[in-house]
Structures are given as C-alpha cells and as structure tokens.
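Okay, here's what each chain looks like letter by letter:
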Amino acid sequence: MSDLTRLTAAELAALVASGETSAVEVTRAHLDRIAAVDDRVHAFLHVDTEGALAAARAVDERRAAGEELGPLAGVPVAVKDVLTTKGVPTTVGSKILEGWRPPYDSTIVERLRAAGTVMLGKTNMDEFAMGSSTEYSAYGPTRNPWDLERIPGGSGGGSAAALAAYEAPLSIGSDTGGSIRQPGAVTGTVGAKPTYGGTSRYGLVAFSSSLDTPGPCARTVLDAALLHAVIGGHDPRDSTSIPQPVPDVVAAAKRGATGDLTGVKLGVVTEFSGDGAEPGVLAAFRDSVEALTKLGAEIVEVSCPHFQYALPAYYLIAPSECSSNLARFDGVRFGLRVGDDGNRSLEEVMSLTRDAGFGPEVKRRIMLGTYALSSGYYDAYYGQAQKVRTLITRDFTAAFEQVDALISPTTPFVAFPMGSRTSDPYQMYLADLFTIPSNLYGGPGISVPCGLSEGLPVGLQVMAPTMADDRMYRVAAALESTVGTFTPPAL
Ligand SMILES: NC(=O)C[C@H](N)C(=O)O
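Keep in mind the model is a prediction, meaning the values are calculated, not measured.

Engineer: Mind showing me how you'd approach the site of the ligand here?
Structural biologist: The local shell around the ligand holds 15 residues, among which Ala129, Gly177, Ser179, Tyr314 and Asp432 are the closest. In this structure, Gly177 approaches the ligand through a main-chain N or O atom, which is 2.5 Å from an oxygen atom. Within the contact set of the ligand, a nitrogen atom lies 2.4 Å away from a side-chain nitrogen or oxygen of Asp432. Relative to its free-state accessible area of 270 Å², the ligand is covered by the protein chains to the extent of 100%. In this structure the site holding the ligand corresponds to the largest cavity. Broken down by class, the residue content of the shell around the ligand amounts to 5 nonpolar, 7 polar and 3 charged.

Encoded structure:
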C-alpha cells in the first residue's frame, strides 16, 4: 500500500468504502506521521489517539455490517482548537482555558462525527484567533513545513501546517479576517471561508461574532468542497445561521476541475493588484490570471474604492466585539482562576486571572475595543467603522453586477521568518490586507495555491457573492487543474 498520508480525502474515502483499506489503517498512518513530525511542526495542541481509533473502528464496523457510508467516512480530520469538543481539551490557544474539557460538541464537530470522519485532535492557533502567524499561541508557535524557520500563517496555522506536513488530509479552521485563507496561502494548501452564516458558530469560542466563520481546509479544492458540504448548512442553535441549503459546492468543484471557464467573468480588484504586495506574489498572481484566461474566463479590472479602508475598519469592529465577548472569561465560570485565597475580592480575582490568562495580543485587542466602544468615542470609531463596512458591502454589490467573482492575491507576502513581525502589530495586521473585505461583507472567499515566489507558496483568492460559494469552488478548481498542487520539500 502506498503511503496513505499522501492521498487526498476523496481517495482515502474511496479506499475505505471499497474495503481496500480500513479506517483504522488510515487513522494509524496519520497518527504515526504526527508522531514522526509534529515535534518539529507543532501543528497539534492535543492528539486524541484513543478517540480517533475508536471512531475509525466504528466506521469499519458499520462498513462490515453493510451500512451505507457518507462521502468522507473514515477520513481523518484535524480541528482548530477554537471549536468545542466534548470531553476533549479546548484551549483556543490561551492559558485562560487551559485544562477545560467542554461538556458539549460544537455543531461542526457534531456533523464531522455524524459523517464518520475521524477527529485526530486539536490544532494550534493564535490565542483567541488573534494573529497571523500562530506565534501568539500560549503553547508555542507552529512552524511552516515549507521552511521550519518561517511562520505557517494564522490564526489557524496549526490547521494549515497539519495539511502541508501530511499529518491530516483535512482540517477545520475559522476565519474572522483571514485566518483560514492566509494560512492556506502561505503553506500551499486550500482554505475556504464560507458565506457568513453558511457554517454554524454554535460551539465556536467567540472572537468577533459578526465576522467569525468556521470553514474547511484541505490540500485540494475538491477535498475542501467535500468537507464544506459535510459541515455546512442551517443550524437553529446559531441565531445568524442562514436557513437555506449550502449551494452544491462539490458539483462546482468537479465542474471546475474540467478546466473550462467559458462564460465566467472574473474581476481583478484594481486596488489589490498593484502596490502593497511583494513583486514575487504579484508575478505569480499575474501568471494565474493568464492561466485563467486560457481556460476561457473573461477577465476585467474592477475598482473597489473602499477596500483600502477595510483593515482599519476591521481593527475597530473586531476588537470591539472581542472586548465584549471575552468579558465572559472572568475566572469564575471557565478555566483558570488566579489569587482566590479567600482574602481577595471578586474583582481582584478577576483582574489577576485575566492578567495571567490573556497574552499580549489579546490584551491589546481588548484595550482597543474598550476604547472604541467607550462613551465619547463610540460614534467616532465604532460607528464610523460600521459605516465603512456598509460602503465595502456596496463595493461588492456593485462589483458583482459586473462580474461573477473577484480575484486577488490572498496575501501581500509569502511566509515570513518567525519573530520578524511580532514586535510590530501593524506589520502583522497587514497579512490580512486582501482577505478582510469579504469578512466585512459576509461573502465567501477561497485561497488556492497558484505558484511559488522565492521557493515559497503563493495563494490566489477568489471572492464570490453571499451564498454563491459554489462559484468560488469552480474557479479555484479550474485554476488547480492547470497549476497543480504544491508539495513542500521533504520533512
Ligand atoms: N482571526 C482572523 O481571521 C485573523 C486576523 N489575522 C486577526 O488577527 O484578527
């Protein structure tokens, strides 16, 4: 049997369904791979060996009993540590939740289990999903399998690195400003942010509730679509979940893989295709635009004049929501409690707990958000940012009257050396320059590998109208059919 860790999720599912290999064998191969490389990569915060093998055995038993298996049954998946997993530690990359074992599964995890996928464990992330390099994890950074001295992106660097290091064929991320797509871009993997409300936030530890969107990560576009179909769809337990079925993303990915984009009109975002990105990134992007033209797509330039204000608007809205959401970590209800010696007031214990439990970036965001929401500043900062959000949404609406989807590089730069941006928050924030607009708008976006610059992966982003997730999969799969997939140098 060839190395099972090199196969796609679709291939693994077919092998398990036909009985050529068992879910237990597939799971063991990935657990062995994790044991062999994760001390160097550190993609995982927790590996659930027992749980994974039990889930795999259950799939094999169902198959032996002649039961019909779902399209991803027996396929391992790694889950970002932002999603609750019943009885399995969930830390959000923070000390404040160290040792917390949630009493319930998030909807995403519930759906993964129901589909017969095998959860390998929980992946590393920037604390509370705040960061672009996974260096802000309270449990130490994840490294990029392409170059262990470079960052794997963030906040979901663990989910992306696990794919690039062949520790898992599928993973789950969450994208508030780019946390799925940016790690995908810098690790040469595929990351999709679904339409906001297209995937459930129930059991997703909240950062910025009007933006947080869980979604699929994979090494191929089809695998991402297969995972999207499993986790997506309406959930009555999430008040912003859209009561409509997910568009047929799998069919769209298959259609795209035929390499025919005749009749598809794509808009290159003027503001994101000039300055602001590294020359090597722009060169790979331009080559991809040419490749898409050869596949039959019509390419036009589209100006989205308010996109330039997306980053500052995001850094008011997201911290504002975070300052409110993170108030629940008070040392009373969850996880860490510091200084509760019977002599201190409740307020002192809360303050000591939050001081010890939160890292520097989380504290920075809470302060930014508290300031932006405070009386006297609310209108000037938070209110103004909400107006900008509306203008950005209008840019998208106008653009989608002209084109089917928008394209841009996913990130302005390739994976940067570890430690090179941690002392300058603004430089770190710039990693999401091109991904944030679609979060503010709520539409779907996907990053697909499109080439290399300085030997490191570059991603192309496809953005589509809300609830037209299928469109982005079609375009991404078409590009993948011509540029191929990208394998990091051997670990
Ligand atoms: N969570 C995200 O989507 C990422 C973004 N880099 C942030 O720090 O807010």
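So that's the structure; there's more coming.
Engineer: How should I be thinking about the side chain of Ser132 in this particular structure?
Structural biologist: Turning to its location among the elements, Ser132 is positioned in the loop between β3 (118-123) and α5 (157-164). A residue is classified by how much of its surface remains accessible, and Ser132, at 2% relative accessible area, is buried. Not counting the four nearest positions on each side in its chain, Ser132 is found in contact with Asp126, Ile151, Gly153, Gly154, Ser155, Gln182, Phe416, Met428, Ala431 and Asp432.

Engineer: Looking at this model, I keep getting lost on a nonpolar patch on the surface. Mind explaining?
Structural biologist: Residues Tyr371, Tyr377 and Tyr381 make up a contiguous nonpolar surface patch of roughly 280 Å² in combined accessible area. Structurally, Tyr377 can be placed in the loop between α12 (360-373) and α13 (379-402). Relative accessible area serves as the criterion here: at 35%, Tyr377 is assigned to the partly exposed category.

Engineer: How should I be thinking about the sheet that holds β3 in this particular structure?
Structural biologist: Note on sheets: strands pair through backbone hydrogen bonds, and any given pair is parallel or antiparallel. With respect to topology, 11 strands assemble into an open sheet ordered β1-β3-β2-β4-β6-β5-β10-β11-β9-β7-β8, the strand pairing being mixed. The outermost strands of the open sheet, each flanked by one partner alone, are β1 (44-47) and β8 (298-302). The mean angle between the axes of side-by-side strands here comes to 30°, regardless of whether they run parallel or antiparallel. Packed on one face of the sheet, helix α7 (residues 221-231) meets β4 (170-175), β5 (190-193), β6 (213-218) and β10 (445-453) and runs near 145° to β6. Of the strands in this sheet, β7 (265-269), β8, β9 (405-409) and β11 (456-463) touch α13, which is tilted by about 110° from β9.

Engineer: Help me out: how do you make sense of the pattern of salt bridges in this one?
Structural biologist: Note on pairing: side chains with opposite charge can pair once their charged atoms come close. In total, this model carries 17 salt bridges according to the counting rule given. Linking Lys294 and Glu290 is a salt bridge whose minimum nitrogen-to-oxygen distance equals 3.8 Å. In this pair, Lys294 and Glu290 are both assigned in helix α9 (residues 279-294), 4 residues apart and thus about one turn of the helix distant. Given a relative accessible area of 47%, Glu290 falls into the partly exposed group. Linked through salt bridges whose partners overlap, the residues forming this network are Glu110, Asp235 and Arg237.

Engineer: Please explain the packing of aromatic side chains as it appears in this structure.
Structural biologist: A ring pair, where both rings are aromatic, is described by two values, the distance of the centres and the angle of the planes. On inspection of all chains with the given rule, the structure shows 18 aromatic pairs. Geometrically, the ring pair formed by Phe128 and Phe329 is edge-to-face, given 5.1 Å between the ring centres and 65° between the ring planes. Taken together, the residues span a long stretch of sequence, with Phe128 in the loop between β3 and α5 and Phe329 in the loop between α10 (310-325) and α11 (346-357) at a distance of 201 residues. The interplanar angle of 75° and the centroid separation of 5.8 Å between the aromatic rings of Phe413 and Phe416 together place this pair among those described as edge-to-face. The class for Phe416 is buried, based on a relative accessible area of 5%. One cation-aromatic arrangement involves Arg6 over Tyr166; the distance from NZ or CZ to the ring centre is 3.8 Å. Seen from the ring of Phe416, Arg421 lies directly overhead, with NZ or CZ sitting 4.9 Å from the centre.

Engineer: So what exactly am I meant to see when it comes to the UniProt feature "active site" (unreviewed entry) in the protein chain here?
Structural biologist: Under the UniProt annotation, the feature "active site" (unreviewed entry) is placed at Lys80, Ser155 and Ser179. A maximum C-alpha distance of 10.7 Å is found for the annotated residues, which run over 100 residues; spatially they form one tight group. Of the annotated residues named above, the ones that line the largest cavity are Ser179. Among the secondary structure elements, Lys80 is positioned in strand β2 (residues 76-80). Apart from the residues lying within four places of it in its own chain, the contact partners of Lys80 are Lys122, Thr123, Met125, Ala129, Ser155, Gly156, Ser159, Ile172, Gly173, Ser174 and Ser179. Here Ser179 is to be found in the loop between β4 and α6 (181-187).

Thresholds applied
- Residues numbered from 1 in each chain as written.
- Predicted model: local features only at pLDDT ≥ 70, side-chain atom pairs only at ≥ 80, totals over all residues.
- Heavy atoms only, no water.
- Near = heavy atom within 4 Å.
- Polar contact = N/O pair within 3.5 Å; in protein donor to acceptor, adjacent residues only side chain to side chain.
- Areas by Shrake-Rupley, 256 points an atom, 1.4 Å probe, with all protein chains shown as cover.
- 1 Å grid on protein atoms, 1.4 Å probe; cavity = no way out; pocket = protein on both sides within 12 Å on 5 of 7 lines; lining within 4 Å.
- Sits in = over half its atoms within 2 Å of the grid points.
- Nonpolar A, V, L, I, M, F, W, Y, C, P; charged D, E, K, R; others polar.
- Helix = DSSP H or I, 4+ residues; strand = E, 2+ residues; numbered from the N terminus.
- Buried < 20%, exposed > 50% of the residue type's maximum accessible area, 1.4 Å probe, protein only.
- Contact = heavy atoms within 4.5 Å.
- Patch = residues over 30% accessible without salt bridge, like charges linked within 9 Å, V, L, I, M, F, W, Y side chains within 5 Å.
- Salt bridge = Lys/Arg side-chain N within 4 Å of Asp/Glu carboxyl O.
- Pairing = 2+ DSSP bridges.
- Axes fitted to C-alpha atoms, helices over the stretch in contact; angles between N-to-C directions.
- Phe/Tyr/Trp six-rings, centres within 6.5 Å; stacked < 30°, edge-to-face > 60°.
- Lys NZ or Arg CZ within 6 Å of the ring centre and 35° of its normal.
- UniProt positions renumbered as here; feature names shortened; annotations may be inferred.

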